[in-house]
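Residues per chain are reported as follows:
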Amino acid sequence: AKLAGYLCNPSSNDYSVERLCAEYAVEAGGEFEEEIYKNTALLTGVCDTLENRLGESGQARVLTDIELPLSTVLADMEKTGFLVNAEGLKSLGEELLERSNEIKKEIYEIAGTEFNVNSPKQLGEILFEKLNIPSGKKTKNGYSTSADILDGLRYDYPIVDKVLSYRQLTKLKSTYCDGLLSAVSEDGRIHTTFNQTEARTGRISSLEPNLQNIPVRTDEGKKLREFFIARDGYTLCDADYSQIELRVLASIADDKNMIAAFNSGVDIHTATASEVFGIPVDMVLPIMRSRAKAVNFGIVYGIGAFSLGKDIGVSRKEAQMYIDNYLKTYNGVARYMDNVIMHAKENGFVTTYFGRRRYLPELSSSNHMVRSFGERVARNAPIQGTAADIIKIAMVNVYNRLKSDYPDSKLILQIHDELIVECPEKDKDAVCRLLEEEMQNAADLKVTLSVDAHSGKNWLEAKG
DNA sequence: CTCCGAGTCAGG
DNA sequence: CCTGACTCGG
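If you're wondering where the values come from, they're calculated on a predicted model, not measured in any experiment.

K.L.:
Can you tell me about the protein's contact with DNA strand B, naming the residues and giving the values?
P.N.:
As a matter of local geometry, DNA strand B sits amid 22 residues, with Thr145, Ala147, Asn213, Val216 and Arg217 nearest to it. Among the atoms of DNA strand B close to the protein, meaning within 4 Å, 72% are from sugar or phosphate groups. Take Thr145: an N or O atom from its main chain is 2.6 Å from a phosphate oxygen of DNA strand B. At a separation of 2.6 Å, a phosphate oxygen of DNA strand B approaches a polar backbone atom of Ala147. When grouped by side-chain class, the residues that make up the surface near DNA strand B number seven nonpolar, nine polar and six charged.

In structure tokens:
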């Protein structure tokens, strides 16, 4: 009932039978001697209603073929958990504490006073009032001290550089070293909880602890992944989709140029730059690729010139020019983006390739901000949601094949476009091939899905 | 002591 | 665009 309720309205936040009965006007009817009989009647009634709704909205298969079988897979993943090297986490935590304390002292010296660096309020006062560093005003209660503001000041003001370093170290220490350590169970493993009815796009989320946001982008953060390990005699196999969301976009927009770009085998951002700037692939400069990459991301997110300009540090006007050129190159994407909003305004919802819905009441708001938000979501949700559907299908298929062919191998984690299996060492190559095959074949799109799989004794190594 | 919003930052 | 955790401060 909960999963059916989620599919009927993924924007809700309570799928209890009680709440569902209220939402869909289900009543038990008659008198009941005991509470449990009444609850059973309500549950039966609400299941009938939801089943009908799913049939009418074309989501019956999303429930029966994706979400219900997935729930078993997720339960098994939670139960299995991920083995960690707790000693390693602990000593890294101690090292981070020492280093952050050093930096904290240096910050106090430059500031000429001791204060709580972790308090944005106090930090803002020190930096932008006491030290008169130019501020890029913002926030309700004062100055913004966020990384994107401080980043532009770090080379001119040593204290800013130190604050950013301090923040990085304390983040790693508190959220990851301490946070993960407190989540290690008796068996030495971390058992996250997967929430299957939280994300409005159809993704799953991970909490207590969140294993879907373990650092990877910085070298400092990456080290953490060495402490996520396979048990003795076992290996980790890690497989991830390459550019799944852009491939989904190329396919559902049926954009001939973007499909050709993927089929060319050239790195997609380089290929995009080559198309947009009208130059050969080998003439693409790093800055051009970087711009093209930002636009590719921006398009997937449904963002406009304002956010894009802010992201890549150019004017709104210049950003608009990039977007215009991009949409001229990928005119199928342009057509798709218009159509999806038209459809959404007509029907009040958008759908993924597999029929999953998201309702968008924001589109009929009289508030421009709210409406624009609705339009960005309308552009993004089908893409993000289709990618989520695809990896869910892959997970169910991987789970079934492992269970029959490699019963000692276990799926242990999903991170939106990535799957991790812990398998006996001798099976690692076969399991990598299995992952690649099932992930690639999870959906038949107009662009082939590309998957890279690697193995290793720890997560960092298995990432390849 | 608990709760909550805001700010910040980790991932996709 | 989609999430979750930690910290501060009320």
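K.L.:
Could you give an account of the protein's contact with DNA strand C, naming the residues involved and the relevant values?
P.N.:
Around DNA strand C, a shell composed of 26 residues is seen, among which Asn116, Ser119, Arg200, Ser205 and Glu208 lie nearest. Of all DNA strand C atoms lying within 4 Å of any protein atom, the proportion belonging to sugar or phosphate reaches 83%. Note that a phosphate oxygen of DNA strand C is positioned 2.5 Å from one of the side-chain N or O atoms of Ser119. At the level of secondary structure, the elements contributing two or more residues to the surface near DNA strand C comprise α8 (158-181), β4 (205-207) and α17 (368-405). Considering every element that reaches the surface near DNA strand C, the biggest residue donor is α17, with five residues. Of the residues that constitute the surface near DNA strand C, the class distribution is five nonpolar, 14 polar and seven charged.

K.L.:
Report on the nonpolar core, specifying residues and quantitative values.
P.N.:
By size, the foremost hydrophobic cluster in this structure holds 136 residues, and its most contacted members are Tyr241 and Leu249. Sort the elements by how many residues they give to this core and α17 lands first, with 14 residues. Leave out the neighbours within four places in its chain, and Tyr241 touches Ile390, Ile391, Ala394, Asp417, Met439, Gln440, Ala442, Leu449, Ser450 and Val451.

K.L.:
Tell me what's going on with the packing of aromatic side chains, and back it up with residues and numbers.
P.N.:
One pass over the full model with this rule turns up ten aromatic pairs. Here the aromatic rings of Tyr108 and Phe115 are separated by 6.0 Å at their centres, their planes lie at 65°, and the arrangement is edge-to-face. Taken individually, Tyr108 and Phe115 each receive the classification buried, so the pair is uniform in this respect. On the basis of an interplanar angle of 80° and a centroid distance of 5.1 Å, the ring pair of Tyr353 and Phe354 is categorised as edge-to-face. Among the aromatic side chains, those forming a connected cluster through ring pairs are Phe82, Phe228 and Trp459.

K.L.:
Talk me through the domain arrangement of chain A; I want residue IDs and the actual numbers.
P.N.:
Domain parsing of chain A yields domain 1 (1-82), domain 2 (85-183), domain 3 (228-245 + 389-463) and domain 4 (257-377). For domain 3 and domain 4, the distance between their C-alpha centres works out to 30 Å. Of the residues lining the interface, eleven residues belong to domain 3; the matching set on domain 4 comes to nine residues. Where domain 3 abuts domain 4, roughly 870 Å² becomes buried across the two surfaces, and 61% of that area is made up of carbon and sulfur atoms. It is Gln243, Asp389 and Val447 in domain 3 that bury the most area against domain 4; as a group they hold 53% of the surface buried on that side. The residue Asp389 makes a salt bridge to Arg356 at a minimum N-O spacing of 2.8 Å. Remark: the boundary between domain 3 and domain 4 carries four residue pairs in polar contact (both at pLDDT 80 or more). Residue classes in the side of domain 3 that touches domain 4 are distributed as five nonpolar, one polar and five charged.

K.L.:
Let's hear about the sheet that holds strand β9 (residues 418-424): which residues, and what values?
P.N.:
Sheet architecture is open: four strands sit in the order β8-β9-β5-β10, paired in antiparallel fashion. For this open sheet the edge positions go to β8 (410-414) and β10 (451-456), each flanked by a neighbour on one side alone. When strand polarity is set aside, the average angle formed by the axes of neighbouring strands in this sheet is 20°. Note that β8 and β9 share four bridges and pair antiparallel. Bridge pairing links Leu413 to Ile420 in β9. Across the face of the sheet, α17 comes into contact with β5 (234-241), β8 and β9 while running at roughly 165° to β8.

Criteria and thresholds
- Sequence order as written defines residue numbering, which begins from 1 separately in each chain.
- The order in which chains are written sets their letters, starting at A; the order in which ligands are written sets their numbers, starting at 1.
- Whole-chain, interface and lining totals are the exception, using all residues; otherwise, since this is a predicted model, local features are given only for residues with pLDDT of at least 70 and side-chain atom pairs are given and counted only at 80 or more.
- Working from all heavy atoms in the structure, the side-chain values ignore hydrogens and water.
- Proximity is defined per residue: any heavy atom of the residue falling within 4 Å of a molecule or strand makes that residue near it.
- In protein, a polar contact requires one atom able to donate a hydrogen and another able to accept it; more generally it is a pair of N or O atoms within 3.5 Å, and residues adjacent in sequence count only if both atoms are side-chain atoms.
- Charged means Asp, Glu, Lys or Arg here, nonpolar means Ala, Val, Leu, Ile, Met, Phe, Trp, Tyr, Cys or Pro, and polar covers whatever is left, Gly included.
- Numbering of helices and strands runs from the N terminus, with a helix taken as a DSSP run of H or I at least four residues long and a strand as a DSSP run of E at least two residues long.
- What we call a nonpolar core is a set of buried Ala, Val, Leu, Ile, Met, Phe, Trp, Tyr and Cys residues that are connected through their side-chain atoms within 4.5 Å.
- The rule is simple: take the accessible area with a 1.4 Å probe, protein chains only, and divide by the maximum for that residue type; under 20% is buried, over 50% is exposed, in between is partly exposed.
- Residue contacts are counted whenever heavy atoms from the two residues lie within 4.5 Å of one another.
- Geometry of aromatic contacts follows a simple scheme: Phe, Tyr and Trp rings, the Trp one being its six-membered ring, pair when their centres are within 6.5 Å, and the pair is stacked under 30 degrees between planes, edge-to-face over 60, tilted otherwise.
- Domain limits in this description derive from either an automatic procedure or a database domain assignment.
- In short, buried area is how much 1.4 Å probe accessible area vanishes from two parts on joining, totalled over both.
- Definition used for salt bridges: Asp or Glu carboxyl oxygen within 4 Å of a side-chain nitrogen of Lys or Arg.
- Only strands that DSSP links by at least two bridges are regarded as paired with each other.
- Working convention: axes come from line fits to C-alpha atoms, limited for helices to the stretch in contact. Angles between N-to-C directions cover 0 to 180 degrees.

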